[in-house]
Amino acid sequence: MPIDAKVLFMNGEYTPTEHGVISVRSHAFAYGTGCFEGIRGYWNEEEGQVYLFRLREHYERLLRSSKIMRMKLPYSVEDLIEQSVELVKRNGQRQDVYQRPVAYKSDEIIGVRLNDLTDDYLCTSEPMGNYVDISGLRCGVSSWRRIDDNAMPARAKITGSYVNAAFAKSEALLNNYDEAIMLTHDGHVAEGSAENIFLYINGELVTPAPTENILLGVTRDTIIQLAAKELGITVHERQIDRTELYIADEILLCGTGAQIAPVIEVDHNSVGTGKVGPIGQKLQDLYFDIVRGINKKYINWCTPVY
Ligand SMILES: Cc1ncc(COP(=O)(O)O)c(C=O)c1O
């Protein structure tokens, strides 16, 4: 499906989308040597405004991922923020958008390595709706384990590592689940195929610690802050056993794509009452008011385009 946008950013300039092509011989295509972000922008009808959510945190993570990938990008976080805003403007987008910045090894060579290669950068901005159902997901624990930090750094958002996620997601879909929950190599809960996870147990929220081979999500951080400040709920970052998924009162998956997606079933066990619970509902409502720039208390998380 072609990108539904007029312009993208590539090789240092805004260029017609049809010019956005890379060589069949590029290193990133053959070996997965790229890193990327997924960023959402939300249309606020009343204000005639698009708000891009937590741009700074996304671009800080992109620069951390690129450092791990031994890349040197010629842009600062401020440059990248400016490009994101400009891209929405040049596309005249007045709707919800999804931006995909990608830093990648562009050399047309044969040879696996990370060092002494050329790094290029591009960013797309296109209309997007929901990534997963946000009214109650049915999940299965995957037989595929989440990549381990000593095999491929999970804290970097590396293009090649999404093959691991794709194995888990397809297994889940083919087994008639909506989404996969992946375990670490030692069998603890890590995350969804493209989402972090929270469990509500005994009046507290728990989520896997940063050392559990998770991508440290921007939405995860948003939930941690909102739970404490708005709901007065403590969040513990700790190891989580698989069977805690079966006894939790509520479970949430979260991510830029998934937004806040309550889980109502895991491995055919209902979560709590088997319906979206009050904590998930409250966090979801708060989140949508914040990302759309309606709740002004957190407006510093939202970059206006127009
Ligand atoms: C593997 C993985 N974990 C977690 C997340 C959630 O991260 P964020 O909230 O920053 O989008 C994503 C989505 O980007 C992801 O791909």
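As the structure is a computational prediction, the values presented were derived from the model and not from experiment.

Overview of the site of the ligand
Phase 1 of the analysis: Close contacts around the ligand come from 17 residues, with Lys-157, Tyr-162, Val-218, Thr-219 and Thr-256 the closest.
Phase 2 of the analysis: A distance of 2.6 Å is found between an oxygen atom of the ligand and a side-chain nitrogen or oxygen belonging to Thr-256.
Phase 3 of the analysis: Bound to the protein, the ligand loses 97% of the 390 Å² it would expose on its own.
Phase 4 of the analysis: Elements supplying a minimum of two residues to the shell around the ligand: helix H2 (55–68), helix H5 (218–231) and strand S14 (250–255).
Phase 5 of the analysis: When its residues are assigned to classes, the shell around the ligand shows 5 nonpolar, 7 polar and 5 charged.

Comments concerning the packing of H5 against helix H7 (residues 278–291)
Pairs of packed helices are described in terms of their axes, by the angle between the two and the distance that separates them.
Phase 1 of the analysis: The interhelical angle for the contact between H5 and H7, taken along N-to-C directions, is 110 degrees, at an axis separation of 11 Å. Relative to H7, H5 is oriented roughly perpendicular. For the pair H5 and H7, the contacting residues are Thr-219, Thr-222, Ile-223, Leu-226, Ala-227, Glu-230 and Leu-231 in the first and Ile-279, Lys-282, Leu-283, Leu-286, Tyr-287 and Ile-290 in the second.
Phase 2 of the analysis: Of the residues contributing to the contact of H5 with H7, the split by class is 9 nonpolar, 2 polar and 2 charged.

Side note on the domain arrangement of the protein
Phase 1 of the analysis: For the protein, the assigned domains are domain 1 (7–127) and domain 2 (137–291).
Phase 2 of the analysis: Placing a centre on the C-alpha atoms of domain 1 and another on those of domain 2 gives a separation of 25 Å.
Phase 3 of the analysis: Listed per partner, the contact involves 21 residues of domain 1 and 22 residues of domain 2.
Phase 4 of the analysis: Carbon and sulfur atoms make up 62% of the surface buried where domain 1 meets domain 2, a total of about 1,700 Å² over both sides.
Phase 5 of the analysis: Among the residues of domain 1 in contact with domain 2, Phe-36, Phe-53 and Arg-61 are the three that bury the most area, contributing 34% of the side total.

Quick word on a nonpolar patch on the surface
Phase 1 of the analysis: On the surface, a nonpolar cluster with roughly 360 Å² of combined accessible area is contributed by Tyr-31, Ile-110 and Val-112.
Phase 2 of the analysis: Along the chain, the position of Tyr-31 falls in helix H1 (residues 27–31).

A word on the pattern of salt bridges
Where charged atoms from two side chains of opposite charge come close, those side chains can pair.
Phase 1 of the analysis: Overall, the coordinates contain 17 salt bridges when judged by the stated rule.
Phase 2 of the analysis: A single network of salt bridges, built from pairs that share partners, joins Arg-54, Glu-57 and Asp-221.

Analysis parameters
- Residues numbered from 1 in each chain as written.
- Predicted model: local features only at pLDDT ≥ 70, side-chain atom pairs only at ≥ 80, totals over all residues.
- Heavy atoms only, no water.
- Near = heavy atom within 4 Å.
- Polar contact = N/O pair within 3.5 Å; in protein donor to acceptor, adjacent residues only side chain to side chain.
- Areas by Shrake-Rupley, 256 points an atom, 1.4 Å probe, with all protein chains shown as cover.
- Helix = DSSP H or I, 4+ residues; strand = E, 2+ residues; numbered from the N terminus.
- Nonpolar A, V, L, I, M, F, W, Y, C, P; charged D, E, K, R; others polar.
- Axes fitted to C-alpha atoms, helices over the stretch in contact; angles between N-to-C directions.
- Parallel < 35°, antiparallel > 145°, perpendicular 65-115°, else oblique.
- Contact = heavy atoms within 4.5 Å.
- Domains from an automatic or database assignment.
- Buried area = accessible area lost by both parts, 1.4 Å probe.
- Patch = residues over 30% accessible without salt bridge, like charges linked within 9 Å, V, L, I, M, F, W, Y side chains within 5 Å.
- Salt bridge = Lys/Arg side-chain N within 4 Å of Asp/Glu carboxyl O.

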